[in-house]
Amino acid sequence: MVSAVDFYSEMFVMLESNYPETMDCLLVVNAPGLFPLAYSLIKQFLSPATKRKIIVLGSNWKSELLKVIDADQLPVHWGGSVTDPDGDPCCKSKIVMGGTVDPKFYFLEGIDRSMLTRVTIGRRSALKLPFHVDSRRSLLRWQFLTEGSDIKFGISFKSQNRSDSPEEPLVPAARLNSHMVPEDGSLTCEKTGIYTVTFDNSYSWFHGKKLLYQVDVLPPPGNIDELKHSDSFNMDPLS
């Protein structure tokens, strides 16, 4: 639930900041038992005007819906009088019902898998790839996907001048649905030191994760030819 709360919190902050007053009314029906807790965490990010537009209906929600939606515009499933031509009370030809996304709709194209390294990260385990970068403005880039389930991904930095310096998170670790949509991105290395890319499966008690990835470091702009022949630039993970 925490991941969902984080996602919706960020979404609402973005909507409130950039697209205010786009919602006329939000009616919540059949809310699960955890909804009050989740909503109490999210509503702190909402403006007073938006909060007034969110109405949580009780057990009489069908009659309440008819106060704001005409019966001839509301499917039978929600208390109205409309059905599909085949008699479906949910009107699935007009309304997309919730549920599990069919894997055939996952976006897993666009990545050449032959260029990716394939590994299995065991349960309660993590794969760490440290890169030693000696040139500022180098570009750390990545692309990856998983098979069957998500993975936690993050990037941290540690100074090479002080062995006792703490690791600094640059890309906060977060669980990503890379089994549905491949992930890719890049990071400009503003400081020299060790950049560690982590694929973390330590949260999984029972299942390993199949990961396909490519992570590399590109020379800074304007110094490509020079750095290709320099021992001070390492484009491979540290052993």
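Computed from a prediction, not measured in an experiment: that's the story for all the values here.

## Digging into the pattern of salt bridges
Overall, the coordinates contain 10 salt bridges when judged by the stated rule. Between Glu190 and Arg136 there is a salt bridge, with the nearest N and O atoms lying 3.9 Å from each other. One end of the pair, Glu190, is in the loop between strand S8 (183-189) and strand S9 (193-200); the other, Arg136, is in the loop between strand S4 (126-133) and strand S5 (138-147), and 54 residues separate them in sequence. With a relative accessible area of 48%, Arg136 lands in the partly exposed category. The network of salt bridges with shared partners includes Arg113, Arg118 and Glu147.

## A closer look at the state of the cysteines
By definition, a disulfide links the sulfur atoms of two cysteines through a covalent bond. Applying the stated rule across the entire model yields zero disulfides. Left unpaired, Cys91 is separated from the closest cysteine sulfur, that of Cys90, by 7.8 Å.

## Thoughts on the sheet that holds strand S7 (residues 168-176)
In spatial order, the strands read S4-S9-S6-S7; together these four strands make up an open sheet with antiparallel pairing. Only two strands of the sheet have a single partner each, and these edge strands are S4 and S7. Strand-to-strand twist in this sheet, taken as the mean axis angle between neighbours without regard to direction, amounts to 10 degrees. Of the pairings in the sheet, the one linking S4 to S9 comprises eight bridges and is antiparallel in character. Of the residues in S9, the one forming a bridge with His132 is Ile194.

## So, the sheet that holds S5
The strand order across the open sheet built from four strands is S3-S10-S5-S8, with neighbouring strands paired in antiparallel fashion. Each end of this open sheet is capped by a strand with a single partner; those strands are strand S3 (117-121) and S8. Here the strands of the sheet are splayed against their neighbours by 25 degrees on average, with no regard to which way each runs.

## Focus on the environment of Ile151
Tracing the chain through its elements places Ile151 in strand S6 (residues 151-158). Distance from Ile151 to Lys210, taken between C-alpha atoms, is 9.3 Å for residues 59 residues apart in sequence. If we skip the residues at most four places from it in the chain, Ile151 touches Ile121, Phe144, Thr146, Ala174, Arg175, Leu176, Ser178, Phe199, Asp200, Asn201, Tyr203 and Lys209.

## Structural notes on the side chain of Asp88
Here Asp88 shows up in the loop between helix H4 (61-65) and S3. Here the side chain of Asp88 touches Cys90 through a polar contact of 2.9 Å, landing on its backbone nitrogen.

## Focus on the confidence of the model for the protein chain
When pLDDT drops low, the exact placement of atoms in the prediction is not to be read closely. Confidence along the protein chain averages 84 in pLDDT terms, with 85% of residues attaining 70 or more. Across residues 227-235 the pLDDT falls below 50, and counting only partners more than four positions away or on other chains, this stretch makes 15 contacts in the model.

## Considerations on the environment of Ser165
Summarising the element assignment, Ser165 is placed in the loop between S6 and S7. In this structure Ser165 touches Lys158 and Ser159, once residues within four positions along its chain are discounted.

## What about a nonpolar patch on the surface?
A cluster of nonpolar side chains, Met14, Leu15 and Tyr19, forms an exposed patch at the surface whose accessible area comes to about 290 Å². The residue Met14 is located in helix H1 (residues 2-18) in this model. Here Met14 falls in the partly exposed class, since its relative accessible area comes to 44%.

Procedures and definitions
Residues numbered from 1 in each chain as written. Predicted model: local features only at pLDDT ≥ 70, side-chain atom pairs only at ≥ 80, totals over all residues. Heavy atoms only, no water. Salt bridge = Lys/Arg side-chain N within 4 Å of Asp/Glu carboxyl O. Helix = DSSP H or I, 4+ residues; strand = E, 2+ residues; numbered from the N terminus. Buried < 20%, exposed > 50% of the residue type's maximum accessible area, 1.4 Å probe, protein only. Disulfide = S-S within 2.5 Å. Pairing = 2+ DSSP bridges. Axes fitted to C-alpha atoms, helices over the stretch in contact; angles between N-to-C directions. Contact = heavy atoms within 4.5 Å. Polar contact = N/O pair within 3.5 Å; in protein donor to acceptor, adjacent residues only side chain to side chain. pLDDT = per-residue confidence, 0-100. Patch = residues over 30% accessible without salt bridge, like charges linked within 9 Å, V, L, I, M, F, W, Y side chains within 5 Å. Areas by Shrake-Rupley, 256 points an atom, 1.4 Å probe, with all protein chains shown as cover.

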